[in-house]
Amino acid sequence: MPVNKKSTRRAWRDPEDAPDLSSPEWRKQFEGADVLAGKKVVQRGRPASLAPKVSTTVRLDADVMDHFKSGGRGWQTRLNAALRKVAGL
């Protein structure tokens, strides 16, 4: 019969032992984090698109994929443009 392994639970830590994150040395760690402007959070990074793309799955013939991929990078954009042209958009 196999021997039971010892418990791997961590020892309890008192939450009062946590460092004060508002102290100056910790503030340096959070420089560049999201900033509050009044009551609004200033967003970082790329702004949200006004016309976001929709993720989908489509099954296409291999020769169609080969045609668009043979043009190199940007094949999905070219495929999208071709579909828009056919749809009259």
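You'll find the structure just up there.
How each quantity is defined
- Residues numbered from 1 in each chain as written.
- Predicted model: local features only at pLDDT ≥ 70, side-chain atom pairs only at ≥ 80, totals over all residues.
- Heavy atoms only, no water.
- Helix = DSSP H or I, 4+ residues; strand = E, 2+ residues; numbered from the N terminus.
- Expected span 1.5 Å × (residues − 1).
- Axes fitted to C-alpha atoms, helices over the stretch in contact; angles between N-to-C directions.
- Contact = heavy atoms within 4.5 Å.
- Nonpolar A, V, L, I, M, F, W, Y, C, P; charged D, E, K, R; others polar.
- Phe/Tyr/Trp six-rings, centres within 6.5 Å; stacked < 30°, edge-to-face > 60°.
- Lys NZ or Arg CZ within 6 Å of the ring centre and 35° of its normal.

Helix and strand counts for the chain stand at 3 helices and 2 strands. Mapped from its N terminus to its C terminus, the chain presents α and β elements in the order α-β-β-α-α.

Taking 1.5 Å per residue as the helical rise, helix H3 (residues 75-87) with its 13 residues ought to reach 18 Å, and the 18 Å between its terminal C-alpha atoms agrees with that figure. Positive phi appears at Gly 88, one or two residues downstream of H3, with a value of about 75°.

In this section: the packing of helix H2 (residues 62-69) against H3. Their axes nearest at 8 Å, the elements H2 and H3 cross at an angle of 115°. Here Met 65, Phe 68 and Lys 69 of H2 come into contact with H3, specifically with Trp 75, Arg 78, Leu 79 and Ala 82. Residue classes in the contact of H2 with H3 are distributed as 5 nonpolar, no polar and 2 charged.

Now for the packing of aromatic side chains. Where two aromatic rings form a pair, the distance of their centres and the angle of their planes describe that pair. With the rule as written, the count across this model stands at 0 aromatic pairs. Positioned above the aromatic ring of Trp 75, the side-chain terminus of Lys 69 is 5.1 Å from the ring centre.

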